[in-house]
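# What the coordinates show
Spelled out from the first residue to the last, the chains are:
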Amino acid sequence: FSLTDGDGQSEHLLPVCEDRKCQKSAIYLTKLGLDQWIPVLQDFRNKDTLWGFVPHENDKSSTEISFPITLHIGDYNMDGYPDALAILKNTSGSNQQAFLLENVPCNNVSCKSVRRMFKVFWELSDLNQIKDAVIATFFDIYEDGILDIIVLSKGYSNKDFAIHALKNNFEADAYFVKVIVLSGLCSNDCPRKITPFGVNQPGPYIMYTTVDANGYLKNGSAGQLSQSAHFALQLPYNVLGLGRSANFLDHLYVGIPRPLGEKSIRKQEWTAIIPNSQLIVIPYPHNVPRSWSAKLYLTPSNIVLLTAIALIGVCVFILAIIGILHWQEK
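As the structure is a computational prediction, the values presented were derived from the model and not from experiment.

Moving on: the pattern of salt bridges. Enumeration over the complete set of coordinates arrives at five salt bridges. Between Lys31 and Glu11 there is a salt bridge, with its nearest N and O atoms 3.9 Å apart. Here Lys31, found in the loop between strand 2 (25-30) and strand 3 (38-41), pairs with Glu11, found in the segment before strand 1 (12-17); they are 20 residues apart in sequence, far enough to count as distant. Assigned by exposure class, Lys31 and Glu11 land together as buried. The partner of Lys178 in a salt bridge is Glu143, and the shortest N-O contact between them spans 2.8 Å. One end of the pair, Lys178, is in strand 13 (residues 175-181); the other, Glu143, is in the loop between strand 10 (133-139) and strand 11 (148-154), with 35 residues separating them in the sequence. The class of Lys178 is buried, set by a relative accessible area of 3%. Accessibility expressed as a relative area gives 49% for Glu143, which makes it partly exposed.

If you walk across this open sheet you meet the four strands as 15-14-17-18, and the pairing is antiparallel. Only two strands of the sheet have a single neighbouring strand rather than two, namely strand 15 (217-223) and strand 18 (267-273). For this sheet, the mean inter-axis angle between neighbouring strands, taken without regard to orientation, is 15°.

Before going further, it helps to examine the UniProt feature "transmembrane region" (unreviewed entry) in the chain. Summarizing the sequence annotation, UniProt attributes the feature "transmembrane region" (unreviewed entry) to residues 303-327 in the numbering used throughout. As annotated, residues 303-327 comprises 100% helix and 0% strand, and the C-alpha atoms at either end are separated by 36 Å.

This next bit is on the side chain of Asn238. Within the fold, Asn238 resides in strand 16 (residues 238-243). In this structure Asn238 comes out as buried when scored by relative accessible area, which is 11%. Side-chain polar atoms of Asn238 contact the backbone oxygen of Gly223, separated by 3.3 Å.

Mapping Phe170 onto the fold places it in the loop between strand 12 (161-166) and strand 13. Each C-alpha atom, one on Phe170 and one on Asn128, is 17 Å from the other, the two residues being 42 residues apart in sequence. Beyond its immediate chain neighbours, meaning those up to four positions away, Phe170 contacts Tyr76 and Asn77.

Before going further, it helps to examine the domain arrangement of the chain. Entries for the chain in the domain assignment read domain 1 (11-166) and domain 2 (175-299). Here domain 1 and domain 2 have C-alpha centroids that lie 28 Å from each other. Contacts between the two partners involve 17 residues from domain 1, matched on the other side by 15 residues from domain 2. Each partner contributes to the roughly 1,300 Å² buried at the junction of domain 1 and domain 2, and carbon and sulfur atoms together form 61% of this total. On inspection of domain 1 and its partner domain 2, the count reaches two salt bridges. Seen at the junction of domain 1 and domain 2, the total is eight residue pairs in polar contact (both at pLDDT 80 or more). Broken down by element, the residue count for the side of domain 1 that touches domain 2 peaks at four residues, all from strand 10.

Definitions and limits used
Residues numbered from 1 in each chain as written. Predicted model: local features only at pLDDT ≥ 70, side-chain atom pairs only at ≥ 80, totals over all residues. Heavy atoms only, no water. Salt bridge = Lys/Arg side-chain N within 4 Å of Asp/Glu carboxyl O. Helix = DSSP H or I, 4+ residues; strand = E, 2+ residues; numbered from the N terminus. Buried < 20%, exposed > 50% of the residue type's maximum accessible area, 1.4 Å probe, protein only. Pairing = 2+ DSSP bridges. Axes fitted to C-alpha atoms, helices over the stretch in contact; angles between N-to-C directions. UniProt positions renumbered as here; feature names shortened; annotations may be inferred. Polar contact = N/O pair within 3.5 Å; in protein donor to acceptor, adjacent residues only side chain to side chain. Contact = heavy atoms within 4.5 Å. Domains from an automatic or database assignment. Buried area = accessible area lost by both parts, 1.4 Å probe.

This is how it looks when you write it as structure tokens:
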């Protein structure tokens, strides 16, 4: 599941084959308040070629490795609407490739109620060069907040595999925030005055509110390690795209699961979070959210250096003018 329409609630995505050989594929979506599944992608035709998901083979006697139909979610263009990676197969041939599914505004009647849909990027040359792909997922190789792509493909035989890394060359003035929620646990009793970090954990939920470039309220949310089966290959943190708005995050909420039977909500709020930063949340102790701590890491970019040079240059220019005026007055 993933946020797809920017309302702050998470939706469930379901990729399906509507027949045994996946001649007709689709992706459906449902959310809280909907009593039906809404199609957000049904057009898998590129020119004269029909593509579809790779059907999962249950024949255990087959030597060929079969992977379940899986969508890997990530905001590759940081517009605040998560995109997806999927493996599609040529229904009239044997070639299968990884394709990027971009989250775009809905342009047909079937998805009008959810306002968003997926569009397949057919002409991405880097992905098209990798034949016989079996798994594709997002991965931040350079730890810069921009999600790159990792693709696993078959080699010369079904037992050999090759790993390909594709750098995301998306050049847009967009912003993000990376959030990782740790477990806040020690291997034994925690010493006094030492906050335990622990490791990342499945289950935390992150949500933010901010104002976009047009002045409208914008919400975003995501679950950390929301999936554990079917080759999830999720990142240990969440990269939330903020679009082209460089505003501070007005509110960032972090919640963790609570034990069965407990009614108090374990949620904490932080305000004025700087964009393009990484936030590490330590929920310790679990049952006292007001004692949770957060560490903000910010990596200065070249823009900071250029801004400093421009500022110094302006100051020197103004000082030169002041000096000339003083000299003339004297």
